[in-house]
Amino acid sequence: MTDKFDKTPAGSPAGQVSVSKGATPAPENIKAIPVRHVGRWISGVVVIGLLVALGYAFSQGNIQWHAVGDKLFDSTVVAGAGRTLLISVLAMVLGVVLGVVLAVMRLSRNPVTSWVAWLYIWFFRGTPVYVQLLLWFNLALIFPVLNIPFIYKDEMTDVMTPFMCALLGLALNEAAYMAEICRAGIQSVDEGQTEASHALGMTQGKTMRRVVLPQALRVIIPPTGNEFINMLKTSSLVYAVTYNELLRSTSQIGSTSYAVMEMLFVASIWYIVMTSVFSVGQYYLERRYARGSLRSLPLTPWQRVKVNLAAFGNRPSGGVSA
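Reading guide: rules and limits
- Residues numbered from 1 in each chain as written.
- Predicted model: local features only at pLDDT ≥ 70, side-chain atom pairs only at ≥ 80, totals over all residues.
- Heavy atoms only, no water.
- Axes fitted to C-alpha atoms, helices over the stretch in contact; angles between N-to-C directions.
- Helix = DSSP H or I, 4+ residues; strand = E, 2+ residues; numbered from the N terminus.
- Parallel < 35°, antiparallel > 145°, perpendicular 65-115°, else oblique.
- Left-handed = near helix turned anticlockwise from the far one by under 90°.
- Contact = heavy atoms within 4.5 Å.
- Nonpolar A, V, L, I, M, F, W, Y, C, P; charged D, E, K, R; others polar.
- pLDDT = per-residue confidence, 0-100.
- Salt bridge = Lys/Arg side-chain N within 4 Å of Asp/Glu carboxyl O.
- Buried < 20%, exposed > 50% of the residue type's maximum accessible area, 1.4 Å probe, protein only.

**Things to note about the packing of helix H3 (residues 75-106) against helix H4 (residues 111-126)**
Argument step 1. Direction vectors running N to C along H3 and H4 enclose 130 degrees, while the axes themselves pass 7 Å from each other. Judged on the interaxial angle alone, H4 and H3 are oblique. Along this stretch, H3 crosses H4, giving a crossing that reads as left-handed. Side by side, H3 and H4 meet where Leu98, Leu102, Met105 and Arg106 of the first sit next to Thr113, Ser114, Val116, Ala117, Trp118, Tyr120 and Ile121 of the second.
Argument step 2. For the contact of H3 with H4, the residue count by class is eight nonpolar, two polar and one charged.

This is the structure we're talking about:
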């Protein structure tokens, strides 16, 4: 016979069991103590201190801040900002169109067109924009008269106006970069799409227009938005060809009012505002064209703020329970 053991817990009265049969005791709450990141606090204090010192230095400098506010919406400045937007948009449109043509030429099986496109990209990517603008501005030194037989003839100085020099200088340079962006977008489309189109009897040109380019837009458009934002800042170089854009407008006011630095601040504020507005547009444009490549779109900045506020409002006052 086997001995019978008493399974009653020690210290408990006989016949009385503290835990009912089949029940498991509830786990205790875990109190999580956050780790102290001393380095984060130190770096944060150092950064804030540097920002305060920088702001104090500018406040003590010989700067007439009231002149910045007075001239910020001056009619000359606003007109210059409008011309900056105009030349940027026109140069970007022309650069995109020419860039698509160059990309198709670069990928062509025709060695002549491919070589010409490569030479164009090599030249315009290898020379500074400032130099290209000066070349167009001084083109009359080489060709005094623009003569297209039976079509057009005029003095080169009348043809190459500051606006035309700025447009050609910016657009032709941008076309070289857009050609590489478009080429990368076209090559990102699977070759099976082209083979299937040819199997259906579509020509090479129709395949490019109706099948390849629409799919390549997902890769082409996001960096194109970045190029346009860069174009807004690069347009300040047309100051060299006397085109009256934002920087030249503010510089003229600064030279007559002796508020040179103040007007440079005005120009900087306008450039920051314009690039910020178009950066927001670029963000939502990239988000739209990312719908086909991502399973779930990332949260927008406003959605992140709402999520963080909701999480902060629902945070328990005590420790974190598991």
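**Some points on the confidence of the model for the protein**
Argument step 1. Averaged over all residues, the pLDDT of the protein equals 83, while 84% of them reach at least 70.
Argument step 2. Confidence over residues 318-322 falls short of pLDDT 50; this stretch has six contacts with residues more than four positions distant or in other chains.

**Quick look at the pattern of salt bridges**
Argument step 1. Overall, the coordinates contain three salt bridges when judged by the stated rule.
Argument step 2. Across the pair arginine 125 and glutamate 180 runs a salt bridge whose closest N-O atoms are separated by 3.7 Å. With arginine 125 in helix H4 and glutamate 180 in helix H7 (residues 162-187), this pair connects stretches of sequence that are 55 residues apart.
Argument step 3. Since its relative accessible area comes to 17%, glutamate 180 is described here as buried.
Argument step 4. Where glutamate 180 meets arginine 183, a salt bridge forms, and the shortest distance between an N and an O atom there is 2.8 Å.

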